[in-house]
Amino acid sequence: MDEFDKIVKTLEKIQTVFGLIGVIIVITLVIVGFLIYKYLVKSVEAVAEEASKKSLIKFQSTIDDKLETKLKLFFRNENIRNDLTIHFAIKSIETKLSIWTETYQLYFDFQKTWDFDKKQLDDKIEEYDRIFQENREHIFLNSVFLGGFLTSKLITLNNSIRHAIRTQYRKNHLAFPLQDGARTEQDRRRYLDKIDAILPEVESWINLNLTVDHNTKMWDFNESELKIIAEQNKEKFEDLSTIKEN
């Protein structure tokens, strides 16, 4: 209220000196000044807002560029990892099956020696030693793909078959066959028992973990599953009919 009284008194003084026209001019100048002040404030706010928007857009663009770069690197690395994983998975499976087949073949070669006489086994023993040594090297060199279980089992299988042949060879060259023959045959029987235990164990592991005996029929629906699906589809159609009627 005091401020208003001061303004009134000031206008009265101006009116006394300059008359009514002077008062009108002063009021007009105050109004114009106020409007100019408001205009300048709005202009500054508009300029500041525009500058802020441009800065935000630039900042967002920078973030988008960085994000896009990171996403590209991420997906590139992810693709590389996926490709490598698939490559080594395929390589691992192929190696497991290849080395298993190679080692199993030694068992069939060993079975042929059961009908060999002394001379036939003498003629083949060095060749068998070389074949078994190569197979042993293949197992160790591919152990990274075979894994610990198969590496251990296949090495044991290799050694057992090789020692079984060697035991038969030693039995053929005993100085006292009647005296030492039974013990040698007992040693051979022990190796044969190991072979009989390992073969089905490895085969079961391969079938279970590599799913080599799988086929498309394993993923087909059986009759009971198809019946459940048909009932579910029927319920869905009945629900749709109810919705349309409502």
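Scroll up a little and you will see the structure.
Reference entry: report on the structure contained in this document. In this text, all values refer to a predicted model and were calculated from it rather than measured experimentally. (Residues numbered from 1 in each chain as written. Predicted model: local features only at pLDDT ≥ 70, side-chain atom pairs only at ≥ 80, totals over all residues. Heavy atoms only, no water.)

1. Details of the overall build of the protein
Right, on to step 1. In terms of helices and strands, the protein carries five helices and zero strands.
Right, on to step 2. When the helices and strands of the protein are placed in sequence order, the string is α-α-α-α-α.
Right, on to step 3. Within the protein, the proportion of its 246 residues that are buried is 20%.
Right, on to step 4. Here the contacts in the protein between residues at least 6 apart in sequence split such that 70% fall between residues at least 24 apart.
Right, on to step 5. As displayed, the protein offers around 18900 Å² of accessible surface, 60% of which is attributable to carbon and sulfur atoms. (Helix = DSSP H or I, 4+ residues; strand = E, 2+ residues; numbered from the N terminus. Buried < 20%, exposed > 50% of the residue type's maximum accessible area, 1.4 Å probe, protein only. Contact = heavy atoms within 4.5 Å. Areas by Shrake-Rupley, 256 points an atom, 1.4 Å probe, with all protein chains shown as cover.)

2. As for helix 3 (residues 143-172)
Right, on to step 1. Between the first and last C-alpha of helix 3 there are merely 35 Å, a value that for 30 residues lags more than 12% behind the 44 Å anticipated at 1.5 Å per step.
Right, on to step 2. At Phe-149, helix 3 shows its largest kink, close to 80°. (Expected span 1.5 Å × (residues − 1). Bend = angle between axes of the 7 residues up to and from the residue.)

3. Here's the deal with the packing of helix 2 (residues 118-141) against helix 3
Right, on to step 1. Taken N-terminus to C-terminus, the directions of helix 2 and helix 3 make an angle of 165°; their axes are 10 Å apart at the nearest point. Judged on the interaxial angle alone, helix 3 and helix 2 are roughly antiparallel. The handedness of the crossing between helix 2 and helix 3 comes out as left-handed.
Right, on to step 2. Here the contact of helix 2 with helix 3 is built from residues that sort into 13 nonpolar, eight polar and six charged. (Axes fitted to C-alpha atoms, helices over the stretch in contact; angles between N-to-C directions. Parallel < 35°, antiparallel > 145°, perpendicular 65-115°, else oblique. Left-handed = near helix turned anticlockwise from the far one by under 90°. Nonpolar A, V, L, I, M, F, W, Y, C, P; charged D, E, K, R; others polar.)

4. With respect to the packing of aromatic side chains
Right, on to step 1. Within this structure, the stated rule accounts for seven aromatic pairs.
Right, on to step 2. Arranged with centres 5.2 Å apart and planes meeting at 10°, the rings of Tyr-104 and Phe-108 form a pair that is stacked. Here Phe-108 and Tyr-104 lie together in helix 1 (residues 2-112), a separation of four residues that amounts to about one turn.
Right, on to step 3. With a centroid separation of 5.6 Å and 90° between ring planes, the pair formed by Phe-110 and Trp-114 is classed as edge-to-face.
Right, on to step 4. Since its relative accessible area comes to 1%, Phe-110 is described here as buried.
Right, on to step 5. Grouped by ring-pair contacts, the aromatic residues Trp-100, Tyr-104, Tyr-107, Phe-108, Phe-110 and Trp-114 constitute a single cluster.
Right, on to step 6. The positively charged end of Lys-91 is found above the aromatic ring belonging to Phe-145, 5.9 Å away from the centroid. (Phe/Tyr/Trp six-rings, centres within 6.5 Å; stacked < 30°, edge-to-face > 60°. Lys NZ or Arg CZ within 6 Å of the ring centre and 35° of its normal.)

5. Structural notes on the nonpolar core
Right, on to step 1. Counting 26 residues, the largest nonpolar core has Phe-110, Ile-161, Ile-165 and Ile-195 as the members making the most contacts within it.
Right, on to step 2. Of all the secondary structure elements, the ones that give two or more residues to this core are helix 1, helix 2, helix 3 and helix 4 (177-210). (Core = buried A, V, L, I, M, F, W, Y, C linked by side-chain atoms within 4.5 Å.)

6. A closer look at the side chain of Asn-158
Right, on to step 1. Structurally, Asn-158 is set in helix 3.
Right, on to step 2. On the accessibility criterion, Asn-158 (0% relative accessible area) is buried.
Right, on to step 3. Sequence-distant contacts of Asn-158, defined by excluding residues within four places in its chain, comprise Leu-106, Phe-132, Asn-135 and Arg-136.

7. Here's the deal with the environment of Ile-165
Right, on to step 1. Tracing the backbone through its elements, the reader meets Ile-165 in helix 3.
Right, on to step 2. Linking Ile-165 and Tyr-191, residues 26 residues apart in sequence, is a C-alpha distance of 9.5 Å.
Right, on to step 3. Look past the residues within four positions of Ile-165 in its chain and what remains in contact with it is Phe-110, Thr-113, Leu-121, Ile-125, Tyr-128 and Phe-132.

8. Observations regarding the side chain of Thr-151
Right, on to step 1. Note that Thr-151 resides in helix 3.
Right, on to step 2. Those residues within four positions of Thr-151 in sequence are excluded, and the remaining contacts are Ile-139, Ser-143 and Leu-146.

9. Digging into the pattern of salt bridges
Pairs can form between side chains of opposite charge whenever their charged atoms are close.
Right, on to step 1. Under the counting rule described, the total for this entry stands at 14 salt bridges.
Right, on to step 2. The partner of Arg-166 in a salt bridge is Asp-129, and the shortest N-O contact between them spans 2.2 Å. Placement of the pair is Arg-166 in helix 3 and Asp-129 in helix 2, with a sequence separation of 37 residues.
Right, on to step 3. Look at Arg-166 and you get partly exposed, because its relative accessible area is 32%.
Right, on to step 4. Judged by relative accessible area, Asp-129 falls into the buried class, the value being 16%.
Right, on to step 5. Where Arg-188 meets Glu-185, a salt bridge forms, and the shortest distance between an N and an O atom there is 3.4 Å. You can see Arg-188 and its partner Glu-185 sitting in helix 4, three residues apart, about one turn around the helix.
Right, on to step 6. Given a relative accessible area of 11%, Arg-188 falls into the buried group. (Salt bridge = Lys/Arg side-chain N within 4 Å of Asp/Glu carboxyl O.)

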